[in-house]
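Fold and contact review
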Amino acid sequence: MLLQLAMNHDVTDSDAETLSILVELFIEKATEWFEVIYAINCIDVLRSFAVTASFSCGPMSRPVILPQSENITMGQETRGPILKVKGLWHPFALAENGGVPVPNDIILGEDTDDYHARTLLLTGPNMGGKSTLLRATCLAVILAQLGCYVPCEMCDLSVVDIIFTRLGATDRIMTGESTFFIECTETASVLQNATQDSLVILDELGRGTSTFDGYAIAYAVFRHLIEKVNCRLLFATHYHPLTKEFASHPHVTLQHMACAFKSKSECCSRSDQELVFLYRLTSGACPESYGLQVAMMAGIPERVVEVASKAGLVMKNSLGDSFRKSEQRSKFSTLHEEWFKMLMAVSDTGDCNFDDTFDTLFCLWHELKSSYGSGN
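The structure contained in this document is the topic of the report that follows. Just so it is clear, the model here is predicted, and its values are computed rather than measured. Sequence order as written defines the numbering, with residues in each chain counted from 1. Only residues with pLDDT of at least 70 are given local features in this predicted model, and only at 80 or more are side-chain atom pairs given and counted; all residues enter the totals for whole chains, interfaces and linings. Heavy atoms throughout the structure, all of them, feed into the side-chain values; hydrogens and water do not.

**Quick look at the overall build of the protein**
- Secondary structure elements are taken from DSSP: a helix is a run of H or I of four residues or more, a strand is a run of E of two residues or more, and numbering for both begins at the N terminus. Per the secondary structure count, the protein includes 12 helices and 12 strands.
- Burial here depends on accessible area, computed with a 1.4 Å probe over protein chains only, as a share of the maximum for the residue type. Under 20% is buried, over 50% is exposed, and the range in between is partly exposed. For the protein, the proportion of its 376 residues judged to be buried stands at 34%.
- Note that accessible areas follow from Shrake-Rupley with a 1.4 Å probe, and for residues the cover is restricted to the protein chains shown. Roughly 22,400 Å² of accessible area belongs to the protein as shown, and the carbon and sulfur atoms make up 58% of that amount.

Rendered as structure tokens:
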């Protein structure tokens, strides 16, 4: 250090001696200086949190951090992890008028009011706000556990040990890794390391390969996470058969990002209607992905979209029986078939795994309760 000073400035011998003494004095107090620097850093971070909360364009809430899931009790029973956020909005996603974006409520896990599934199966059109909602949920958890106010009206959560995300599409050309390979690698990490206290965010898993392979992977991963890991899970997909398979599963809630059609003219035909995104989380599965409408909004010529529409109708007609059968999957899916097989095995041998048997009985109890309540 002194050598650099001597090279850049005209330093006398007395100046060099003075600098040497100052350096020695500084080194002697190095521990105290590090403590001062650490304190200043903490003050700077806390001030940033305060500024963010005070000057936000939308509501900010002080989060309530609940104990670890094994210590949370409801009466005489232990309940699992919870994430309850009301009025959640993303601070970087501004509305069309520059104001606060549409707020939404996220409830994963049991609370004092009612039972809620830990898994949210999310559908909706492209550009409808699914990915923004997923990112806003991750951001809320991170800010809450950092000690910052959260962009929402209310936030209660039990501690998240780790957040796993599978968002976006990317490849690694230099290492020869395709988009689908990276997607599988990241998903493998989730399956190997996620725990009950984790938060898992999966966005359109399986889109990097064929439709059938992609659906099969999405189905298997989704089912493993809800039945074996049972963590807080947000799973966004365009595979609508998933909503049929898991519509009646007691650990899954179906919701979608709402949209509507607005007429461009007095004519009521679908081609003269404009798709409007409402960015509002709504119960149930989305009826379709509205890919053709989004394609037109992106600038694909109308004549090309018309050809695509006709091709889609031909495909649906050729697979008509499968489509009609899939509409009944929510009433009796492959999950039901496996549950009944499990019960038959229990009644025949009595040697089945207790945990699997208990889960099966619980699922069937939920099915009977739902059917009885709906008058079926």
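**Focus: unusual backbone geometry**
- At E204, a position not held by glycine, the phi torsion is positive, near 55°.
- Locating E204 in the fold gives a position in the loop between β9 (199-203) and α6 (211-229).
- Classification of E204 as buried rests on a relative accessible area of 15%.
- For Y290, which is not a glycine, the phi torsion comes out positive at approximately 55°.
- Tracing the sequence through the fold places Y290 in the loop between β12 (273-283) and α8 (291-297).

**Examining the pattern of salt bridges**
- Whenever a carboxyl oxygen of Asp or Glu lies within 4 Å of a side-chain nitrogen of Lys or Arg, that contact is scored as a salt bridge. The full count for this structure, using the stated rule, is four salt bridges.
- Here R207 and E204 are joined by a salt bridge, their closest N and O atoms 3.3 Å apart.
- In the salt-bridge network here, residues are joined through shared partners; they are R166, E183 and E186.

**Examining the sheet that holds β9**
- Think of it this way: DSSP has to see at least two bridges between two strands before they count as a pair. Ordered in space as β8-β9-β10-β6-β11-β12, the six strands form an open sheet in which the pairing is mixed. Looking along the sheet, the strands with just one partner apiece sit at the ends: β8 (163-166) and β12. For this sheet, the mean angle separating the axes of adjacent strands, direction not counted, is 15°.
- Here β9 pairs with strand β10 (residues 232-236) via five bridges, running parallel. The residue of β10 that forms the bridge with V200 is L233.
- Only heavy atoms matter for contacts: two residues are in contact if any of them lie within 4.5 Å across the pair. Helix axes are fitted only over the stretch in contact, all axes being lines through C-alpha atoms; the angle between N-to-C directions runs from 0 to 180 degrees. Here helix α4 (residues 130-146) sits on the sheet in contact with β6 (119-123), β8, β9, β10, β11 (252-263) and β12, set at roughly 160° to β9.

**So, the state of the cysteines**
- Criterion for a disulfide: a pair of cysteine sulfur atoms at a distance within 2.5 Å. Under the defined criterion, the tally for this structure stands at zero disulfides.
- The structure places no disulfide on C152, whose sulfur is separated from the nearest cysteine sulfur, that of C155, by 4.9 Å.
- Assessed through its relative accessible area of 1%, C152 is described here as buried.

**Here we look at the nonpolar core**
- For this analysis, a nonpolar core means a set of buried residues of the types Ala, Val, Leu, Ile, Met, Phe, Trp, Tyr and Cys, connected via side-chain atoms within 4.5 Å. Judged by nonpolar contacts, the single largest core of 28 residues is most densely connected at I106 and L234.
- If you list the elements that add at least two residues to this core, you get β4 (83-88), β5 (104-108), β6, α4, β7 (154-158), β9 and β10.
- Among residues more than four places away in sequence, those in contact with L234 are I106, L108, L120, L134, T137, L199, V200, I201 and L202.
- Listed in part, the 22 residues of the second largest apolar core include L121, V190, Y239 and L242.

**Observations regarding the sheet that holds β7**
- Here we have four strands laid out as an open sheet, ordered β1-β7-β4-β5, and mixed in their pairing. Edge positions in the open sheet fall to β1 (64-66) and β5, since each of these has one partner strand only. Each strand axis lies, on average, 15° off the axis of its neighbour in the sheet, ignoring direction.
- Summarising the sheet, β4 and β5 pair through four bridges and their orientation is antiparallel. By the bridge assignment for β5, L88 is matched with N104.
- Contacts from α4 reach β1, β4, β5 and β7 within the one sheet, and its direction differs from that of β4 by about 115°.

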